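# Working through the structure, step by step
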Amino acid sequence: MTNHIPVIAIDGPSASGKGTVAQIVADKLGFSYLDSGALYRVVAFATHQKNISWHDANAIAECAKALHIQFKQEKVLLDNQDISNDIRTELMGKGASQVAVHAPLRAALVDLQHSFRVSPGLVADGRDMGTVIFPDAQLKVFLTASTETRAQRRYQQLLGKGQPADYSNILLDLQERDARDKSRTSAPLVIAKDAILLETDNLGISAAVNIVLSNYQEKIDK
Ligand code: CDP
């Protein structure tokens with residue numbers, strides 16, 4: 001039983017800054033970190049390699065069950081191969097959001113996600129961390145920002161990496177992904193009833209980190 005191990009669940013849409021905030025919070029508390037989106041990206045990558053359609057729910061779930069995924073020093077390994085960069089492409093982002101609609105795949109990834117709950121604690125980031133995977137999380141945060149702010153951030157991020165970027169395409173892609181994440185029947189992107197909502201349009205990363213840390217402190221002092 002791992003229910004006594006604290007979890008901070010940070011959910012929200014694409015490019016809301018949740019990954020960065022979650023990683024810093026995990027570092028400051030000495031907690032493990034689960035980037036659940038990376039798991040869906042790995043599945044998109046592996047199925048793409050095996051020519052499995054991103055619409056074939058059962059084949060995707062079967063493929064996922066056989067994958068050997070590891071996170072090592074910020075690297076993502078599939079069958080001991082470093083695929084960290086391969087899964088960060090826009091195509092794999094799109095693929096991740098397509099495979100993620102399938103309930104059999106989401107079910108196949110539950111135990112793996114639970115296995116990240118180790119002492120002294122876990123910070124988990126994704127879409128359904130507080131609603132489905134860790135409903136008993138000590139603290140639930142929903143991080144968001146307007147679509148325009150998020151598109152602007154993704155645009156700057158790509159430019160920063162020296163990759164080609166087109167603002168209007170990014171905006172359209174985000175709108176498409178938001179719609180898919182919110183409308184799917186299995187674990188849709190919703191704000192957990194007991195989550196704190198952080199709008200980050202005018203909130204920097206360190207301010208967001210401080211709010212998460214102080215809310216967590218308050219919860220454990222109770
Ligand atoms: O980079 P971005 O924030 O867009 O995405 P990500 O966190 O890497 O996740 C990729 C995709 O996986 C998202 O667009 C979601 O559709 C899906 N996902 C999910 O369904 N559930 C999660 N817990 C995490 C990600």
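As a reminder, the structure under discussion sits directly above these lines.
What counts and how
- Along each chain, residue indices are assigned from 1 in the same order as the chain's sequence is written.
- Since the coordinates come from a predicted model, pLDDT governs what is reported: local features require at least 70, and pairs of side-chain atoms require 80 or more to be given and counted, while whole-chain, interface and lining totals use all residues.
- Hydrogen atoms and water are omitted, and side-chain values are computed over all heavy atoms in the structure.
- Each pair of strands is called paired provided DSSP finds at least two bridges between the two strands.
- Starting at the N terminus, helices and strands are each numbered in turn, a helix being any DSSP run of H or I of at least four residues and a strand any DSSP run of E of at least two.
- Orientation is described by lines fitted to C-alpha atoms, with helices fitted over the stretch in contact, and by angles between N-to-C directions that extend from 0 to 180 degrees.
- Contacts are assigned to residue pairs that have any heavy atoms within 4.5 Å of one another.
- Here the term buried applies to any residue with accessible area under 20% of the maximum for its type, exposed to any over 50%, and partly exposed to those in between, with areas from a 1.4 Å probe on protein chains only.
- Each residue after the first adds 1.5 Å to the expected span of a helix.

## Considering the sheet that holds strand E7 (residues 139-144)
Judged by pairing direction, the sheet is parallel, and its five strands sit side by side in the order E2-E6-E1-E7-E8 without closing on themselves. Only two strands of the sheet have a single neighbouring strand rather than two, namely strand E2 (32-35) and strand E8 (196-199). Direction aside, the axes of adjacent strands within the sheet are offset by 20° on average. Strand direction decides the pairing type here: strand E1 (residues 7-11) and strand E6 (residues 122-126), joined by five bridges, are parallel. Bridge assignment links isoleucine 8 to a residue of E6, and that residue is valine 123. Most of the contacts of helix H1 (residues 18-29) go to E6, to which it runs at about 175°, and overall it touches E1, E2, E6 and E7. Sheet strands touched by helix H2 (residues 36-49): E2 and E6. Its angle to E2, the strand with the most contacts, is close to 45°.

## As for the pairing of E1
The side chains of a regular strand alternate between the sheet's two faces. Counting buried positions over the five residues of E1 gives five, a clear majority of the element. Every second residue of E1 is oriented toward a common face, with Val7, Ala9 and Asp11 on one face and Ile8 and Ile10 on the other, all of them buried. Alignment of E1 against E7, held across four bridges, turns out to be parallel. Bridging from a neighbouring strand, alanine 9 pairs with lysine 140 of E7.

## Let's talk about H2
Here H2 is 14 residues long and its end C-alpha atoms lie 20 Å apart, about the 20 Å a rise of 1.5 Å per residue gives. Judged by how many residues are buried, H2 sits mostly within the fold: eleven of 14 residues are covered. Taken together, the buried positions of H2 are Ser36, Ala38, Leu39, Tyr40, Arg41, Val42, Val43, Ala44, Phe45, Ala46 and Thr47. Of the residues one or two after H2, asparagine 51 is the one with positive phi, at around 60°.

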